[in-house]
Amino acid sequence: MKNKFAGKFIVLDGPDGCGKTTQSELLTKWLENSGVKTASFRDPGGTAVGEQIRQILLNPEHAAMSERAELLLYMAARAQLWKEKISPALEMGKCVVLDRWLSSTCAYQGYAGGLGIENVIKLATDCLERVWPDLTIVLDIDLDVSARRLSSTPDRMEQKGKTYHAKVRDGFLKLARGRENFTIVNVSGSIEAVGEKVIETVNKKF
Ligand code: TMP
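Starting afresh in each chain, residues are numbered from 1 along the sequence in its written order. Reporting in this predicted model follows two pLDDT cut-offs: at least 70 for local features of residues, and 80 or more for side-chain atom pairs to be given and counted; totals over whole chains, interfaces and linings ignore these cut-offs and use all residues. Based on all heavy atoms of the structure, the side-chain values leave hydrogens and waters out of the count.

(A) Examining helix α4 (residues 67–91) more closely. Look at α4: 34 Å from first C-alpha to last across 25 residues, which is about the 36 Å you get at 1.5 Å a residue. Think of it in three bands: with a 1.4 Å probe and only protein chains considered, a residue is buried below 20% of the maximum accessible area for its type, exposed above 50%, and partly exposed in between. Helix numbering and strand numbering both begin at the N terminus, where a helix is a DSSP run of H or I of at least 4 residues and a strand a DSSP run of E of at least 2. Taken together, the buried positions of α4 are occupied by E70, L71, Y74, M75, A77, R78, L81, W82, I86, S87, A89 and L90. One or two positions beyond α4, positive phi appears at G93, with a value near 85°. To estimate the expected span of a helix, count its residues, drop one, and scale the result by 1.5 Å.

Below, the structure written as structure tokens:
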């Protein structure tokens, strides 16, 4: 059990309000309870530099931010997170659980933002030492359900509107369907039921 997860890089991703933060926490707890040394981070964030970049990205006062500036800031936060946290953790043999990763940039800036999924991946190949995790679980959610889960004070990304967020969901599905090491998990059902599906997916993969 311990060995099969050592050095594995697992990402939970999906549209805003899909429950990936809760599911990342549940997965991390399950791994730790199973004796697996685990490290978990959020992207963007997880480092001093990354948390500052996150604040710039999500601040509603920055409505003038261009799609390209947005793309580069997400990539910069990720490059820092890899160097400072993910890479050392994987080298120590830990299992790393990430709340979002490049899949988000593909769905948000690439597909919904119109920059192109393949262009985003090309940039990532130049910017990141490692592009893809061992497994990405995309949590798929009905748009009306996810809209109800959003906070009453939406951040700059949440303010982008319904059409944008519908495209984000399509972008995730398009990416996940065409790529190796991606699994889509539908999140209709209780938190516990989704948690079991996530654990089953992870167990089957490794
Ligand atoms: P979070 O609060 O779900 O962690 O994510 C912050 C916001 O940033 C969320 O609206 C999704 C968005 N995002 C992107 O647009 N591109 C990215 O590459 C990442 C990682 C997040």
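Read on for the rest.
(B) Highlighting the sheet that holds strand β5 (residues 182–186). For two strands to pair, DSSP has to find at least two bridges joining them. Across the sheet, five strands lie side by side as β2-β3-β1-β4-β5; this open sheet has parallel pairing. The sheet is open, and its two edges are formed by β2 (38–42) and β5, each paired on a single side. Looking at each pair of strands side by side, their axes are set apart by 20° on average, direction ignored. Here four bridges tie strand β1 (residues 9–13) to strand β3 (residues 95–99), and the two strands are oriented parallel to one another. When the sheet's bridge partners are listed, F9 is paired in β3 with V96. Here a residue-residue contact requires only that any non-hydrogen atoms of the pair lie within 4.5 Å. Axis lines are fitted through C-alpha atoms, for helices just across the contact stretch, and the angle between N-to-C directions can take any value from 0 to 180 degrees. Its contacts with the sheet place helix α2 (residues 20–33) against β1, β2, β3 and β4 (135–140), and it is angled at close to 165° to β3.

(C) The arrangement of the site of the ligand in detail. Only heavy atoms are used to decide nearness, and a residue is near a molecule or strand if one of them lies within 4 Å of it. Close contacts around the ligand come from 14 residues, with D16, R54, Y74, T105 and Q109 the closest. We define a polar contact as two N or O atoms separated by no more than 3.5 Å, with the added condition that, inside protein, one atom must be a possible hydrogen donor and the other a possible acceptor, whereas residues neighbouring each other in sequence contribute only through side-chain atom pairs. Here an oxygen atom of the ligand sits 3.0 Å away from a polar atom, N or O, in the side chain of R78. The separation between an oxygen atom of the ligand and a polar side-chain atom of Q109 is 2.9 Å. Considering the ligand on its own, with 480 Å² of exposed area, one finds that the protein chains cover 93% of that surface. Mapped onto the shell around the ligand, the elements with two or more residues apiece are α3 (48–58), α4 and α5 (102–112). Every accessible area reported is derived by Shrake-Rupley at a probe size of 1.4 Å, with residue values counting cover from the shown protein chains alone.

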